[in-house]
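So the chains spell out like this:
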Amino acid sequence: MNKTLLIFGMALTLGLSTASCRHRVERVSVDEQIDLSGRWNDTDSRLVAEEMVSQVLAGDWIANHQRTHNGSKPVVIVGLVYNNTSEHIDANTFIKDVEKAFVQSGKVRLVQAGDKREELRKERANQQDFASSETAKKWGRELGADYMMHGDISSITDQYKKEKVIYYQTSLELSNLETNEVVWIGDKKLKKYVVK
């Protein structure tokens, strides 16, 4: 009987202590900067994208393009941004931030890349068979890009005991698709000091 009471008491104590450690989730503004681990996060992605697009849009390449192309806006495609860090960084989030900033600037025209471009082509192919001839979109009318942006995100970590410094560098290049000439290079650096 005493053994049964002891087991019951231990189970009750364990149950009460588990109940007091409740998991909590709170909604916060997406603009609020929260840095839990010190690793690359959504704030870093947004800040770097904004800075990089600000740099590229201030470059001479736009005026040079317009001078040689009757004032037309350059057409840009955003290619791959490689993650050369030891962390898991979803480069697609960063690429989307860059694409959004390009479109919102109104200074360039942006065309789809990769899987999304292929999805559009599949839809166009389906329209040839299933849409009326008046509404089916024609082949060979895609807007060809003049420039491609690509780059990488790299990091260096320096750690001693419970302190570490993480240095990030995002480097982007813009290349002329016809000539392979690099018309713009930019980078943005971030440094984080983390104490555990």
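Refer to the structure presented above.
Residues numbered from 1 in each chain as written. Predicted model: local features only at pLDDT ≥ 70, side-chain atom pairs only at ≥ 80, totals over all residues. Heavy atoms only, no water.

Q: Explain a nonpolar patch on the surface here, please?
A: There is a patch of nonpolar side chains on the surface, built from Val28, Ile34 and Leu36 and spanning about 310 Å² of accessible area. For leucine 36, the location among the structural elements is in the loop between helix 1 (2-20) and helix 2 (42-57). According to the relative accessible area criterion, leucine 36 is exposed, its value standing at 83%. (Patch = residues over 30% accessible without salt bridge, like charges linked within 9 Å, V, L, I, M, F, W, Y side chains within 5 Å. Areas by Shrake-Rupley, 256 points an atom, 1.4 Å probe, with all protein chains shown as cover. Salt bridge = Lys/Arg side-chain N within 4 Å of Asp/Glu carboxyl O. Helix = DSSP H or I, 4+ residues; strand = E, 2+ residues; numbered from the N terminus. Buried < 20%, exposed > 50% of the residue type's maximum accessible area, 1.4 Å probe, protein only.)

Q: What am I meant to see in the pattern of salt bridges here?
A: Oppositely charged side chains can form a pair if their charged atoms are brought close together. Applying the stated criterion across every chain yields a total of eight salt bridges. A salt bridge links lysine 192 to aspartate 44; the shortest N-O distance between them is 2.6 Å. On the criterion of sequence distance, the pair formed by lysine 192 in strand 5 (residues 182-195) and aspartate 44 in helix 2 is long-range, its members being 148 residues apart. The exposure classification of lysine 192 matches that of aspartate 44, with both residues buried. Lysine 96 is the partner of glutamate 99 in a salt bridge, and the nearest nitrogen-oxygen pair spans 2.5 Å. Of the two residues, glutamate 99 and lysine 96 are both situated in helix 4 (residues 91-105); the distance of three residues between them amounts to about one turn of the helix. The exposure class of glutamate 99 is buried, given its relative accessible area of 9%. Judged by relative accessible area, lysine 96 falls into the partly exposed class, the value being 39%. Look at the salt bridges and you will find they share partners, linking Glu118, Arg121, Arg124 and Glu142 into a network.

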